[in-house]
Amino acid sequence: MFCTHLWTTLQPGCLERPVSMEDHELTHSEGEQQISPQPFLEEEEEEDAAGQFSDVEGPWKEYELEENLFGGGEMGTKDTSGDVGDQSDSSTESLEHSLGDISNTRALLAEERIHIAAVQRNIKLLDDMVKEKKLVVQKTGQKLCACQLRIKMLAEQLDRVDMEIEREKEAGNVPALSRLRAVSRRLHSELEREKESELIIDLKLNQDKMEMWEIEIEQGKYEAIRDKLEQEEEQLQRHYQEQREGRIRKERRTALQAEGKRRSREQKEEKAQKEHEERKKKILEDAKRNHKKAACFLKQSTARIHDKIAKEEEKTQEHMERRIQAVLSLKTSITSNREKLQTLQVLNKAKALEAKEEEMKMREAILAEGGNVVQEIFLHKRQLKHEKEEQAFRELQKSRKIEIVSRILKEEASLHKQKESQSRMRATKARGKVEDPSVQRKEAWPCREETCTRAGGATAQESWLSPSPPSLAGEGTAPEGGSPEVTAQDVLWESGDDEKEKEKTLLEPEFPGLWGQEYDLHKIPKEEVDPTQLAIRALKKEVSENKMEEFQPGSLAKQTVPGREHKGCAFHSKPSCIHFKDFDVGQTYKKKIILTNASYSVNYCRLVGISECLKDFISVHFDPPGKMSSGMSCEFVVTFKPMINESLAGEVMFVAQTGSFSVPLQCTVKSCVLALDKELIDFGSHVVGETISRTISLTNSGALGTRFQVQTSAGDRSTHRATAKPAPGRMVPRHSSGCDPEEEGSSSPGAAGLGKQVRICAEPGEEVTPCAAQQPQGPQSSSATEQLDQEVLSMRSDLDTDNARDSVELSPEETPVEIMLGKVTEGEVGPFSSVKVPVLFVPAVPGDVRAEFVIVFDNPDCKPLCFSAVGVAVDVPLWVPNPDVDLRICLYDRLYQDCVTLRSRASTTLRFKFEVCKELSKHLELLPRTGYIQAQSAFSAQLKFLPRQSLPEDAGNYFNAETRILEVPVTIVIMDKARTANFTVHAIVSSSDLEISPAEINFGHCTIYEAVQANVTVTNKCILPQEFGFVGLPEFVEVQPNDGFGVILPLESLTLDIIFKATKAKEYSFDLTCTTEINRQFKLSCKAVGVHPPLELSHSLVQFAATALNSVSEATLDVLNPHVSGNSLIHAVPRIGTGEPAPVGPTSFEFHVPEDCPVTITPSVGTVLPGQKSSIRVSFSPALPEQLVREEAARRLSRAAVPEAGIQPENNGSRKSLTGEPKPEELKPEAAQASLMRSFSGSFKKYIVPCFVASGQAAGEKGSGHLSCSPYNTLYLELHCPAVAPPVLVTSDSGDSTVGFGDVSVGHRMMKRITLQNISLGRVGLGFSALNPNGPFLLVRAVRMLEPGESKALVISFCPDEDKWFCETLDIRVANSTLNLSLSGHGVVPGTVCSVEGVLDMGYVMAGEQVTSTVQVQNTSSLALPFCTQLDSLSPTRDRDRQSIPAFLSSSGQRTEFVGTQNYSGLSVFSVFPTEGEIEAGKSQEFVVTFSPDHESLYYSDRLRVVLFGKQTAHEIPLRGAAREHPMFVEGGLPLDVPVESLAVTSSVPSQEALTAEPQEPVRSLLLLLEHVDGGSPAEPARAELRVGAVDTPLLAAKKAVEFSLDSLPELERAGITVEEPRGALERGQERSIRVSWAPPAELSVSDPPLVTALLTLKGDITECYRVLFMARVVSACAPTP
């Protein structure tokens, strides 16, 4: 058929793509692999629809349209005979019309471009087909010529043989004649075959020519289209050229605009740079100026700190002295008390003796009078006791009267305040403001708050309600000079007259409230008086009571869990207490509270109510949640709307299944919480005439403000002063009632002792009321209590006996006020604020001074606060205003001066002199040493301090070597008065040295192309900051940072870099000078040797760009050899220091890269000739360390093994250790590397690579040898290597960048997906390197763009064409990095071995039965082979192939049909299992072939094909079998019948008559050919055999199933034919051979060969006869067998 598989017709409106055999194979293999590019095309189309890849949208659309035009790319073979002309004409017309339309348009659409491309491709394919057909015609013609030449040669040979036959026939040479006849027959057969071949080739040649002519005719129809296409192509190229020129012009304009923008941007940058430099310069100047100011401030701050420290130390010393004095006074007081107690005991003993003596005298007198002694003594004692009781009663009555008076005074004060507040409220009402009823309520009942206050402070009241009568009698003095008893009585009499009236005033409120009948502001509404409403209320109350009865404790259920029972509250609230703090009347407050079920099981809660006192102000919103599991929570909301300004307390009550519980609730009003930061102000010791100020802070931490007033204590209207005589009873310190006795006792070190703790208490604004202080509460030693009792007793005895007082007290008029208040004595302290109150101390009289102050507040709820102030005044005629001269920090060998001022209080001139201790006389001096100071004037002396280096040894104890503090006491001796005044000179003496370590630096050998750095440490030994700088530096030395200038802080160490860069080859020795701000200089010695190496590097520093992991960055540099002349006068010659110059000649170099450095230098070794250079390439390829990857892999493996370890059962008590070392095969370095790359944050490393230099040729070059290398000539290459994480990672196959296709059969294609993910923060574009176009790897689908975090797959195919390994690298370029994909695959030629080499003969089978046989195919290749089995009888092309000439019409040698007789039923006579599968590498597959005929035939045949990969035939196994209707058969000899069944329909089932009747004639004829070879050697008889067999079937008997016999034996013997075993019997499944041999007799005629016929009879279930023709002949050794 014409071009059935080479090309298909062109349909109207579309072109069909020619399909070649290679295309068919590729499509078929892809179908077998189930891999087609169609899914990838669909994915690309989806991406194009999403608009993600606009740059590849057009080509994919063109490809899609082209596939649509070609019917999806799948074309079948079509018969073009008959329809070629019409279809081609219509196609031509459509194409011309399409091209005409295209020529009329300016721009081509994508569809039109695809259409034109398809037309061009098809025209090209037609041209290729014409060339191919011409080549085929040429080859066929050559074959025809060769065949004709062979025919001619055979004809000539045949003529020669005929001529020889004639000659030999004439000669009578029979053997030669036989041989020549055989040769003639052979030549005749060959000649016939060649002629047949000639006919076939001629026919094929004619067909090829016809096809070629038809294709040429078809090609001619497209000439016009070709011309138009060429014209359109030229027009399209011109259009493209115009577009390119337009783009170039546009790009030039854009470039010019960009250049202008760049220049303007550069100008702006220059301007901004100048402004930045000016601003930076200004900032530096400001910084220097600020630095100077900061230094001044620092010095001032340091001075203030030192002053503060000195003052604190002075205060500490004074405090210690006061404590020492207090202890001493306490000791003396204890001693005096002990003496008094002993005296008292002696007096008591004396009194007891006197009482006994009086009693004895009384007894004697009574006896003398004759009275009853016992009765008289008893009456006397009773009278004494009665007198004591009366005295005690009078004292108790007196104390109660005092208490009543104080209460009455307080009530009067409170009433006065209430009246003032009411007057303010009335004024507020007059201005139109509504009065708050809560305020009225509170003011109406002030006694309620007073009662609460008394209840809370009962202990404080007892301290003044129980005074001691002796103290009242002896110590208290009234302000008017009268006794306190008279005052108290007068007040009682005045209060007694109006007692009833005052009680009425206290009981009756001044305005009506809720209790008054006249107050009807809040009357009860009429609705509440309604009986119906009252009934409803009563019903609700009854229901609530019933519900409460349900939850009685007896009916509550206990909650238990196994092992324990719930106890405690079932619900916990958060917060635990509901607190509304600092509320305002009229506002509304809400709080949400969470209740949590804390019991062990399901529970519920219900709101019962709230406290009665809260019902008017509090409302609770609670929705019962029902049953709640343990741990569950619910909420309720509490709303508080205050109507009165009063604190409230109560609880919200609930009931639960386990019992009732409640949540406490508090509402507190705004209040004042006042406190002092201290209660004692200690001014210390000061000289008379000075003024000292101290402050005390009053802090209000409450939300309510108040006014305050500071005043002296009521009982202390003047300050108290004690004389120098420390008598125990010299004074009575007075304290306010609000003071803490314990604190006051501890804050008065100058007091006489515990025995003088008698106080006078009075409220502000009241008359003075003397009272005795109670003993202080709290923990106190028993000895102090005993001392207090003893002192009270001694004071009583002193009062009784009226002894003289030891203490002297000045009157208020005579005592000057030395401790007083400052400007702030009253004011207002706001909420959450504080106020400072100043207190002044102006000493006027030498001695101790103490003053008591009290702070009172307008708020009646605030108690008064008390504090004390103490000071000591000292009187010296000559004194120093500044007794501590602080020289601050001084340096050795530096002079410091100060002025010391002396002042005089004397009324006369005083002569004095300065005395300095001997130890410091060399360092400290005061001028003048002696002087006179006038009366009431000042004198200034000059202090000079020059500390020398010997000061620590000279000063001794005055100098602390650790702190460097010097304290020099200076004494001012007043010569005339013999008195002294002291002052102290303080200084911190420090050294000004700077220590430079090391003191000497040796830089060693340094080349002129590099710089050597050494570090020195500068340490400031001074405790002052010092400015320093390295001055006078040579040009080859640099000091950094800040060029060697800076400020070093006290005791600080700075590290400086000394950088030395040799300018020429010589030896260097120099000193560096470091100068401080005080002009001290310190030297640093330096040495170095300059080296001029023979070679030099074009760049000594290589800075790589940020390189991603597993990517490569490269840099190129040169190694130069400038040494071309040895004349040192012309230029500097290479040498080491002052040594010999290096020789002129080739110089070699070698780079030594460190082991851990990811840098490669190529070449690393080389030789440079003089005046030339050698280029080297430096490659930086960062990668993760292998150890880090292994650790990460082991870590991931251990994490993966942790969950598995929990579920693995224990085996014999052994368990796999998770902490053991993992096996190498268990690690997955690819996944670990990908994980580390994701978390890689980048790194920056510096590497220094040495380059050794030697004179001479390098190894491996001409003239090379052992070279000596000097280490001083070494060059150094510094590499800066920044590494970053790659923007794109491979996520498929655990991040492995190696794509291994494994073993792939040659000619087959495998595809793999590699997933790429963008792990960067920006959008990245991908570029791909070109793969080998002739190689097996192909990038099927590429990825052009990746969004942040996006993953996409690229597809790579592998199709090997030969048996070997293939490796390529695909570079994926991403921004500045490259991702390398290593592609590898192994092309394998599939190899198999079959167990059956020839024909698989199934033997004889009874019709209707079946037999099986096994064929084994072994896979000898290294890959799995997919297979399928095919039978020719089931081929889809069998019907087409059977249209040719029948096989029985051709000779047996020309028969190529393998399919023989088939079943009548239509079922295949042969079947194979399995039909498809896969053979693993190195394994075998067994195929079971089943033979199942349904009728008798001897010519069942078929062919089994084992096809690999769906297209490659590995084995062809011919199948053959025979079927009989009867269980016996005969085979052998040459067949005389046709091996094809007749077309006539025959019955497959024999009739009963045929089974029983005797055969009339033989059923089959057999030809047994016996050929004797005449070769001249000893004659061997010709042999042949016939096989007789019995089919293995159950239809036959077990024994003697079949009998056979051959007759006509005598005739055979006469012909020389010998038969062995002509008769016999066969069992079921047995075969036997009838062997026949023939030896030609001597009288044999060659022209008449013997032919004998015999009859072979077989007896089984029927009798069959076979005619056997025995034909014998003699052949020569070279005669062919016909």
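Residues numbered from 1 in each chain as written. Predicted model: local features only at pLDDT ≥ 70, side-chain atom pairs only at ≥ 80, totals over all residues. Heavy atoms only, no water.

Chemist: Help me out: how do you make sense of the overall build of the protein in this one?
Modeler: Scanning the protein from terminus to terminus reveals 24 helices and 80 strands. Within the span of the protein, comprising 1682 residues, buried residues form 35% of the whole. Surface summary for the protein: the accessible area is close to 99000 Å², and the carbon and sulfur share equals 52%. (Helix = DSSP H or I, 4+ residues; strand = E, 2+ residues; numbered from the N terminus. Buried < 20%, exposed > 50% of the residue type's maximum accessible area, 1.4 Å probe, protein only. Areas by Shrake-Rupley, 256 points an atom, 1.4 Å probe, with all protein chains shown as cover.)

Chemist: Can you help me understand the sheet that holds strand E11 (residues 674-676) in this one?
Modeler: Each strand in a sheet pairs with another by means of backbone hydrogen bonds, the pair being arranged parallel or else antiparallel. The strand order across the open sheet formed by four strands is E11-E13-E20-E18, and the pairing between neighbours is antiparallel. In this open sheet, the two strands that pair with only one neighbour each are E11 and strand E18 (819-821). Between one strand axis and the next, the sheet turns by 30° as a mean value, whatever way the strands run. Note: E18 against strand E20 (residues 833-841), three bridges, orientation antiparallel. Its bridge partner being in E20, Met820 is matched across the sheet by Leu840. (Pairing = 2+ DSSP bridges. Axes fitted to C-alpha atoms, helices over the stretch in contact; angles between N-to-C directions.)

Chemist: Sorry if this is basic, but what is going on with unusual backbone geometry here?
Modeler: Glycine aside, the phi torsion of most residues is negative, and most peptide linkages are trans. In this model, Leu927 is joined to Pro928 through a cis peptide bond whose omega is -5°. Tracing the backbone shows Pro928 in the loop between strand E27 (924-927) and strand E28 (930-933). The residue Asn1079 is not glycine, and still its phi comes out positive at about 65°. Relative to the helices and strands, Asn1079 resides in the loop between strand E40 (1067-1076) and strand E41 (1081-1092). With relative accessibility at 59%, the residue Asn1079 sits in the exposed group.

Chemist: How should I be thinking about the packing of aromatic side chains in this particular structure?
Modeler: The geometry of two aromatic rings is summed up by the distance between their centres and the angle between their planes. What the rule picks out here adds up to 29 aromatic pairs. On the basis of an interplanar angle of 70° and a centroid distance of 5.2 Å, the ring pair of Phe1036 and Phe1070 is categorised as edge-to-face. Of this pair, Phe1036 sits in the loop between strand E36 (1026-1031) and strand E37 (1037-1040) while Phe1070 is found in strand E40, placing the two residues 34 residues apart along the sequence. Each member of the pair, Phe1036 as well as Phe1070, is classed as buried. (Phe/Tyr/Trp six-rings, centres within 6.5 Å; stacked < 30°, edge-to-face > 60°.)

Chemist: Can you help me understand helix H7 (residues 223-369) in this one?
Modeler: Side chains of residues three or four places apart in an α-helix project in the same direction, reflecting 3.6 residues per turn. In this model, H7 (147 residues) spans only 187 Å end to end at C-alpha, well below the 219 Å of a helix rising 1.5 Å per residue. Just past H7, the residue Gly370 takes up positive phi, approximately 85°. (Expected span 1.5 Å × (residues − 1).)

Chemist: Please clarify how helix H6 (residues 174-221) should be interpreted in this entry.
Modeler: Spanning 48 residues, H6 covers 70 Å between terminal C-alpha atoms, matching the ideal 70 Å at 1.5 Å per step. The N-cap residue of H6 is Asn173: its side-chain oxygen and the backbone nitrogen of Ala176 are 3.5 Å apart. (Polar contact = N/O pair within 3.5 Å; in protein donor to acceptor, adjacent residues only side chain to side chain.)

Chemist: What am I meant to see in the pattern of salt bridges here?
Modeler: A side chain with one charge can pair with a side chain of the opposite charge if their charged atoms come near. Tallied over the full model, the rule gives 36 salt bridges. Between Glu1496 and Arg1524 there is a salt bridge; the shortest N-O distance is 2.7 Å. Residue Glu1496 is located in the loop between strand E68 (1484-1491) and strand E69 (1497-1508), and its partner Arg1524 is located in strand E70 (residues 1512-1524); the two are separated by 28 residues in the primary sequence. Linked through salt bridges whose partners overlap, the residues forming this network are Glu259, Arg262, Arg263 and Glu266. (Salt bridge = Lys/Arg side-chain N within 4 Å of Asp/Glu carboxyl O.)

Chemist: I tried to follow the sheet that holds strand E62 (residues 1392-1394) on my own but got confused; where do I start?
Modeler: The strand order across the open sheet formed by four strands is E62-E64-E68-E66, and the pairing between neighbours is antiparallel. If you trace the sheet from one side to the other, it starts and ends with E62 and strand E66 (1470-1473), each paired once. Strand-to-strand twist in this sheet, taken as the mean axis angle between neighbours without regard to direction, amounts to 25°. As paired strands, E66 and E68 are joined by four bridges and run antiparallel to one another. Residue Val1472 lies in a different strand from E68, and its bridge partner there is Val1489.

Chemist: Before we go on, may I ask you to explain a nonpolar patch on the surface in this structure?
Modeler: Residues Met320, Ile324 and Leu328 make up a contiguous nonpolar surface patch of about 270 Å² in total accessible area. Assignment of secondary structure puts Leu328 in helix H7. (Patch = residues over 30% accessible without salt bridge, like charges linked within 9 Å, V, L, I, M, F, W, Y side chains within 5 Å.)

Chemist: Help me understand the confidence of the model for the protein in this model?
Modeler: The predicted coordinates ought not to be read in detail in places where the model reports low pLDDT. Within the protein, residue pLDDT values average 75, and 73% of them lie at 70 or more. Here residues 1-108 is a poorly scored stretch, pLDDT under 50, and it has 159 contacts once near neighbours within four places are set aside; other chains count. (pLDDT = per-residue confidence, 0-100. Contact = heavy atoms within 4.5 Å.)

Chemist: Explain the side chain of Asn859 to me, please; I cannot follow it from the model alone.
Modeler: Topologically, Asn859 is positioned in the loop between strand E21 (847-857) and strand E22 (865-874). Owing to a relative accessible area of 15%, Asn859 belongs among the buried residues under this scheme. Within the structure, the side chain of Asn859 is placed 3.0 Å from the backbone nitrogen of Asp861, a separation counted as a polar contact. Each residue touching Asn859, except ones within four places of it in the same chain, is listed here: Cys672, Leu704 and Thr706.

Chemist: Help me out: how do you make sense of the environment of Gly1387 in this one?
Modeler: Structurally, Gly1387 can be placed in strand E61 (residues 1377-1388). Residue classification places Gly1387 among the buried residues on the basis of a relative accessible area of 0%. The spatial distance from the C-alpha of Gly1387 to the C-alpha of Leu1423 is 9.9 Å, given a sequence separation of 36 residues. With near-sequence residues (within four places) excluded, Gly1387 lies in contact with Val1304, Val1306, Phe1358, Pro1360, Glu1362, Asp1363, Lys1364 and Phe1366.

Chemist: Sorry, what's going on with the side chain of Glu818 here?
Modeler: The topology assignment puts Glu818 in the loop between helix H18 (782-801) and E18. From its side chain, Glu818 meets the backbone nitrogen of Val845 in a polar contact 3.1 Å long.

Chemist: Would you mind showing me how to read a positive patch on the surface here?
Modeler: The grouping of Lys311, Lys315, Lys678 and Lys836 at the surface amounts to a positive patch. For Lys311, the location among the structural elements is in helix H7. Look at Lys311 and you get exposed, because its relative accessible area is 54%. (Lys, Arg positive; Asp, Glu negative; His and termini not counted. Charge placed at Lys NZ, Arg CZ, Asp CG, Glu CD.)

Chemist: Just checking my understanding: could you explain the pairing of E22 for this structure?
Modeler: The two faces of the sheet receive side chains in turn, since in a regular strand these alternate between them. The buried fraction of E22 amounts to eight of the ten residues, a majority that puts the element mostly inside the structure. With six bridges connecting them, strand E12 (residues 680-687) and E22 associate as parallel partners. When the sheet's bridge partners are listed, Asp682 is paired in E22 with Val870. With nine bridges connecting them, E21 and E22 associate as antiparallel partners. Pairing of Phe853 across the sheet is with Phe867, part of E22.

Chemist: Sorry, what's going on with the nonpolar core here?
Modeler: Generally speaking, a soluble globular protein has its nonpolar side chains buried in company with each other. Residues Leu902, Phe914, Phe945, Leu966, Ile972, Phe983 and Val985 are the most contacted members of the largest nonpolar core, which totals 35 residues. Those elements that provide at least two residues to this core are strand E24 (884-891), strand E25 (896-904), strand E26 (910-916), E27, strand E29 (938-945), helix H19 (951-955), strand E31 (965-974) and strand E32 (979-990). Those residues in contact with Leu966, other than ones at most four positions away along the chain, are Leu920, Phe945, Leu951, Ala955, Tyr958, Phe959, Val985, His986, Ala987 and Val989. Counting residues in hydrophobic clusters, the runner-up holds 33 residues, among them Leu1097, Val1119, Val1253 and Ala1283. (Core = buried A, V, L, I, M, F, W, Y, C linked by side-chain atoms within 4.5 Å.)

Chemist: What am I meant to see in a negative patch on the surface here?
Modeler: On the surface, Glu156, Asp159, Asp162, Glu166 and Glu170 cluster together to form a negatively charged patch. Looking at the element boundaries, Glu170 is found in helix H5 (residues 110-171). Its relative accessible area of 68% is what places Glu170 among the exposed residues.

Chemist: Can you help me understand the pairing of E28 in this one?
Modeler: Residues Gly931 and Ile933 of E28 are buried on one face, while the alternating residues Thr930 and Tyr932, pointing to the opposite face, are not. The pairing of E26 with E28 spans four bridges and is antiparallel. Bridge pairing in E28 links Lys913 to Thr930.

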